[in-house]
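Commentary on secondary and tertiary structure
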Amino acid sequence: MHFNRKSVICFSIFLFIVCMTIPILIALYLSWIQAKDIEYEQLFTTAKSVVQRSRICLNEIYQTFDELETYVDTPCTRQHLQAIQDRLFNNRCIIEIEYIDNNKIKCSSAGKAKYDAKLSNDGFKMPNGTTISFDTTNFVKQNSNLIRFKNQKYAISVDKNSLTDIMTEPYIKIAIVTEDGKVISTLNHYSPNPDLINAVLSQPNLKETDDSLVAVYRTPGLYYVISEPLSYAFKQWHTNLLLFLPFGIIMSLIACGTVLWGLRRRLSFLGELKIAVARHEFIVYYQPIIEFKSGVCIGAEALVRWKKPDGTMVRPDLFIPLAESSGLIQDITDQMIDSVVANMKNILCTDRNLHISINVSVVDFNSERIFKKLETTIKGTGIEPQQLWLEITERGFIDFEATRNSLQDAHKVGYVIVMDDFGTGYSSLSYLKELPIDVLKIDKYFIGSLNTDSVTSNVTEHIINLAKELNLKIIAEGVETPEQADYLKKRQVDFAQGWLYSKALPLNEFIDFYKKSRLGK
């Protein structure tokens, strides 16, 4: 007999590995994400400082352009030269100021030019019309660190370093780049990686490259690119692990403990169930089925119960799912059939109108095994096939073709077919028309909603009408109140079972109930 014990163990080992690794991996991942977030925050803070510093210099330049505009009509006079020198003295970012005419230097803070030095027209044009040039050949003060801002009448030279003159960590690299990719100022590196610059220009929201974390701040005409090696994020990650890793380990231990507990419980319960099957610990209770018209007990539904050696009873909803998943359900069904035939043989042969309903699992029903078992068991007992009603739930009709074939085979032998729990599964009206169903059992959920404000309270009447149209007998399951019984009687429902009449009874109590019912007591 195959009990899927190996499958349970293998699956549990898989879950154990998952539960052991996933929380730790999540902890590692979250600590890495936070490490990068911390570094991103530092980079953006640095970016804002650089932007603030560069704006100071740019504002000095643009303000100087505006203030000196009043002297364009009296160029290179003493007053003009004094104004240029005053602006040069009062603005720390500005290194030199030149007055130009037709792109030629006419005078500067050093005085009038001795010859016309022509300026280059090359450079990047800012959105406000100012041109940034990197050619300092013609400057009065020669310096490779200078860049020039030029409008129509003035050229103002500034030190590149003044645009990025902030305090920051030495591993944080800063570059101010024009929209066309020209680097106008840097800090902590002299030659920015051109691949990084190109990546930033093509992806303004870039945050990470193969070896760096990147923060990009954009202003009109300029990109502020702040980066740091990815290795510094790893340092922060190691710090974060002191917090995240213990938490991940704790979660891993809890998850693994839960799996082990579930495995022990599953295997222990499965082991008990296997032993119970071997020891024939399953007994049958019988819930009477009453004919509404006569009020007489005309049958019973056989219900399996697990009675342990100590007398405790295990609820079917606890062991049936495990029995089905482990393959033990077939043995349990066989034992139930044996018990029903042995217990009810005499009374069934005495009263041919009496029947016993047996619940059949989908696996059993769609195979020939159950029918061979029934044929072998009732052979020679005098029990007729029509005295055995086979109940299959709606959920068994998912594989329509297989179910139809099985139903037809059972019907030919003479068994009565009952559709159990109608309205809770997958069947449709077309299925009912095409399948050889004899009896429709209305689920107790719908019976319980009768005479209430529930949205399902009217469903029962529709089911009754449907069954009558198809000439099916009807059993109402779970009848518990006289009001429910009156409702069903008025609608000419055939049979009922429920606590209003009797709970499920052991064999001797059921026989007593049946006899009293026949005697009208």
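The paragraphs below set out a description of the structure included in this document. (Residues numbered from 1 in each chain as written. Predicted model: local features only at pLDDT ≥ 70, side-chain atom pairs only at ≥ 80, totals over all residues. Heavy atoms only, no water.)

1. Looking at the overall build of the chain
Looking only at helices and strands, the chain features 14 helices and 20 strands. The C-alpha atoms of the chain give 46 Å as radius of gyration, which overshoots the globular expectation for 521 residues (24 Å, by more than 25%). Out of the 521 residues belonging to the chain, those deemed buried represent 47%. Surface accessibility of the chain: about 27000 Å² in total, with carbon and sulfur atoms responsible for 54%. Across the chain, the 57 positively charged side chains and the 60 negatively charged ones have centroids separated by 2 Å. (Helix = DSSP H or I, 4+ residues; strand = E, 2+ residues; numbered from the N terminus. Rg over C-alpha atoms; globule rule 2.2 N^0.38 Å. Buried < 20%, exposed > 50% of the residue type's maximum accessible area, 1.4 Å probe, protein only. Areas by Shrake-Rupley, 256 points an atom, 1.4 Å probe, with all protein chains shown as cover. Lys, Arg positive; Asp, Glu negative; His and termini not counted. Charge placed at Lys NZ, Arg CZ, Asp CG, Glu CD.)

2. Thoughts on unusual backbone geometry
With glycine set apart, most residues show a phi of negative sign, and most peptide bonds adopt trans. Positive phi is not limited to glycine here, since C76 has a value of about 60°. Mapped onto the elements of the fold, C76 is located in the loop between α1 (5-68) and α2 (78-90). On the basis of relative accessible area, C76 is assigned to the buried category, the value being 11%. With a phi close to 55°, Q492 is a non-glycine residue in the positive phi region. Secondary-structure assignment places Q492 in the loop between α13 (482-490) and β20 (495-497).

3. Quick look at the state of the cysteines
Throughout the structure, instances matching the rule amount to two disulfides. Linked covalently through their sulfurs, C76 and C107 form a disulfide whose S-S length is 2.2 Å. Across the disulfide from C76 to C107, rotation about the S-S bond amounts to roughly -95°, and the bridge is consequently left-handed. Remark: C107 occurs in strand β2 (residues 104-108) and C76 occurs in the loop between α1 and α2; sequence separation between them is 31 residues. Pair check on accessibility: C76 and C107 agree, each one buried. Disulfide connectivity for the chain, with bonded cysteines indexed by sequence position, reads 1-3, 2-4. (Disulfide = S-S within 2.5 Å.)

4. Considerations on the packing of aromatic side chains
Counting across every chain of the model gives eleven aromatic pairs. The interplanar angle of 10° and the centroid separation of 3.7 Å between the aromatic rings of Y171 and Y232 together place this pair among those described as stacked. Placement of the pair is Y171 in the loop between β7 (154-159) and β8 (173-178) and Y232 in helix α4 (residues 230-279), with a sequence separation of 61 residues. Among the residues examined, Y171 registers a relative accessible area of 18% and is labelled buried. Judged by its relative accessible area of 25%, Y232 falls in the partly exposed class. (Phe/Tyr/Trp six-rings, centres within 6.5 Å; stacked < 30°, edge-to-face > 60°.)

5. Examining the environment of A47
One can find A47 in helix α1. Excluding residues within four positions of it along the chain, A47 makes contact with Y217 and I226. (Contact = heavy atoms within 4.5 Å.)

6. Description of the layout of surface pockets
There is about 1200 Å³ of room inside the largest pocket. Classifying every residue of the lining of the largest pocket by side-chain character gives 17 nonpolar, ten polar and 13 charged. (1 Å grid on protein atoms, 1.4 Å probe; cavity = no way out; pocket = protein on both sides within 12 Å on 5 of 7 lines; lining within 4 Å. Points joined across faces, edges and corners; volume = space filled by probe spheres on them. Nonpolar A, V, L, I, M, F, W, Y, C, P; charged D, E, K, R; others polar.)

7. Remarks on the sheet that holds strand β9 (residues 183-187)
With antiparallel pairing, four strands are arranged side by side in an open sheet as β9-β8-β11-β10. One side of each edge strand has no neighbouring strand; the edge strands of this open sheet are β9 and β10 (212-219). Going from strand to strand, the sheet's axes swing by 15° on average, the running direction of each strand aside. Two strands pair when backbone bridges link them, and β8 and β9 are joined in this way by four bridges, in the antiparallel orientation. Paired with I174 across the strands is L187, a residue of β9. Packing of helix α3 (residues 194-202) onto the sheet brings it into contact with β8, β10 and β11 (222-229), and relative to β11 it is tilted by some 125°. (Pairing = 2+ DSSP bridges. Axes fitted to C-alpha atoms, helices over the stretch in contact; angles between N-to-C directions.)

8. Focus on the pairing of strand β19 (residues 473-477)
The element β19 is extensively covered by neighbouring structure, given that four of its five residues are classed as buried. For strand β18 (residues 439-442) and β19, the ladder comprises four bridges, and the chain directions are parallel. Along β19, the bridge assignment pairs L440 with I474. Direction of pairing for β19 relative to β20: parallel, over a ladder of three bridges. Each bridged residue has a counterpart across the sheet, and for A476 the counterpart in β20 is A496. In this fold, the crossover linking β19 to β20 by way of α13 has right-handed handedness. (Right-handed = clockwise from strand over helix to strand, strands pointing away.)

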